[in-house]
Amino acid sequence: MEHSKREGTAGGTAKWIGLGAVIAAAAALLILGYFLVRRGEKQDPSRGRIFLYGEKHGVERILDREFKLWSAYYQDGMRDLFVELPYYTAEYMNLWMKSGDDEILDALYQDWTGTAMHAPEVAEFYRRIKERCPETVFHGTDVGHQYNTTGARFLAYLESTGQGQSETCRLAQENIRQGQRFYQDSDYVYRENAMVENFIRAFDALGGADVMGIYGSAHTGVEAKDTTNSIPCMANQLHKRYGAALFTEDLSPLALNDEPYRTDTMEISGKTYTALYFGQVDLSAEFPQYQYREFWRLEDAYGDFKDCALTGDVLPYHNYPMPVEAGQVFVIKYTMTDGSVVTEYLRSDGNTWQGMPTTEAFLPAP
């Protein structure tokens, strides 16, 4: 993974951003989105409104909030729900909505193995929509994830039903090519731009209908840019096209855990510390070479590590699944797709990076 240069640090010197910071920059963009109003008269009756909600994937509290929001919009007459899924996955889900069983959803759930979508809470979220909002129409606007499984199976379905030359088939094939291109180069600039193009195509085809969208918060900040590549995120680009018709709200703070899941111990530099575990965050959807990272906080450890040498790697507070305060020490374990684990030690000295409060990695004594 390439490193990016850090400038304007608290100490005024240029440093290098490593593992955590590159992920922070690409997968958790600077979130500056806003939320104005949900109901009211359209400023332009011929143009639909877009209500985007940013999330951390697979978090039950966020899914509950999103279901309540969608239920309210549904009661108001909205039917089109945009999701961070491939086009063909959403089309499969629309078939499932009309079916009498969960066979399609169960197959998709298996395809999602190894991603944040492969969580019981996610499957239950969609089942609730099917039960209580049965006329929901899903629109998938991401690049073609799972193109070898879901994508290939959907093309086979279209061929078997005489739709091999249809517009649906053409769009599915295009979506598969998008996925292949993305995974070949891990090109996140390409992915963001493709998501924008896919969203515009699907939204404009609705002819003025209001829609709700659910995406990772990295894609929904109107002022957000990928600080690694300086590419405006999806919502930023959509705002330039649709202006006041776009409204956003970041729901990711609902994912913060005030209480740890469990308490353990860790030995570092010959001393044993109480370690509080606050859960894991899936990285696979954004970074194919990673599975997830686990977050631990060491109790009463700051005094022992406050003078350890810093590596220059930074991870802003908003990447953590729990509240972060100055004077704390954290251990983050990254599990890679090959099963290996990379461990980073970070402390919160009260510094900032690009205007964001941040933790910095350090090297504990041997």
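See above for the structure.
Below, the structure is looked at part by part. Note that the structure is predicted; figures quoted are calculated from it, not measured. Numbering of residues begins from 1 in every chain and follows the order in which that chain's sequence is written. Predicted model: local features are reported for residues with pLDDT of at least 70 only, side-chain atom pairs are reported and counted for 80 or more only, and whole-chain, interface and lining totals are derived from all residues. Side-chain calculation: all heavy atoms of the structure are included, whereas hydrogens and water are not.

1. Structural notes on the packing of helix α7 (residues 167-185) against helix α8 (residues 188-204)
Turning to step 1, where the next piece is worked out: Where α7 meets α8, the closest approach of the two axes is 9 Å, and the angle between their N-to-C directions is 165 degrees. Here α8 runs roughly antiparallel to α7, going by the angle between their axes. The chirality of how α7 crosses α8 is left-handed. Along the contact surface, α7 presents Leu171, Asn175, Gln178, Arg181 and Phe182, while α8 presents Tyr188, Tyr190, Arg191, Ala194, Asn198 and Arg201.
Turning to step 2, where the next piece is worked out: Across the contact of α7 with α8, the residue classes break down as five nonpolar, three polar and three charged. Between N-to-C directions, angles cover 0 to 180 degrees, with each direction set by a line fitted to C-alpha atoms, over the stretch in contact for helices. Starting at the N terminus, helices and strands are each numbered in turn, a helix being any DSSP run of H or I of at least four residues and a strand any DSSP run of E of at least two. Any angle that is under 35 degrees is reported as roughly parallel, and any over 145 degrees as roughly antiparallel; angles of 65 to 115 degrees are reported as roughly perpendicular and all others as oblique. Left-handed describes a crossing in which the near helix is turned anticlockwise from the far one by less than a right angle; the clockwise case is right-handed. Here, residues are in contact when the closest pair of their heavy atoms is within 4.5 Å. Residues were grouped as follows: Ala, Val, Leu, Ile, Met, Phe, Trp, Tyr, Cys and Pro as nonpolar; Asp, Glu, Lys and Arg as charged; and all remaining residues, including Gly, as polar.

2. Remarks on the packing of helix α3 (residues 87-97) against helix α4 (residues 103-111)
Turning to step 1, where the next piece is worked out: Put simply, α3 and α4 touch, their axes get as near as 8 Å, and they point 150 degrees apart. Judged by the angle between their axes, α3 and α4 are roughly antiparallel. Along the contact surface, α3 presents Thr89, Tyr92, Met93, Leu95 and Trp96, while α4 presents Ile104, Leu105 and Leu108.
Turning to step 2, where the next piece is worked out: Residue composition of the contact of α3 with α4, by class: seven nonpolar, one polar and no charged.

3. Some points on the packing of aromatic side chains
Turning to step 1, where the next piece is worked out: Here is the rule: rings of Phe, Tyr and Trp (six-membered ring for Trp) pair when centre to centre is within 6.5 Å. Planes less than 30 degrees apart are stacked, more than 60 are edge-to-face, and the remainder are tilted. The full count for this structure, using the stated rule, is 25 aromatic pairs.
Turning to step 2, where the next piece is worked out: Here the aromatic rings of Tyr53 and Tyr73 are separated by 6.4 Å at their centres, their planes lie at 45 degrees, and the arrangement is tilted. With Tyr53 in strand β3 (residues 50-55) and Tyr73 in helix α2 (residues 60-75), this pair connects stretches of sequence that are 20 residues apart. By the burial criterion, Tyr53 is buried, and Tyr73 matches it.
Turning to step 3, where the next piece is worked out: Centroid distance Phe199 to Phe203: 6.3 Å. Interplanar angle 35 degrees. Geometry classified as tilted. The buried label applies to any residue whose accessible area, calculated with a 1.4 Å probe on protein chains only, is under 20% of its type's maximum; exposed applies above 50%, and partly exposed to all values in between.

4. So, the side chain of Thr335
Turning to step 1, where the next piece is worked out: Positionally, Thr335 belongs in strand β14 (residues 329-336).
Turning to step 2, where the next piece is worked out: What Thr335 contacts, discounting residues up to four positions off in sequence, is Tyr290, Gln291, Tyr292, Ser340 and Val341.

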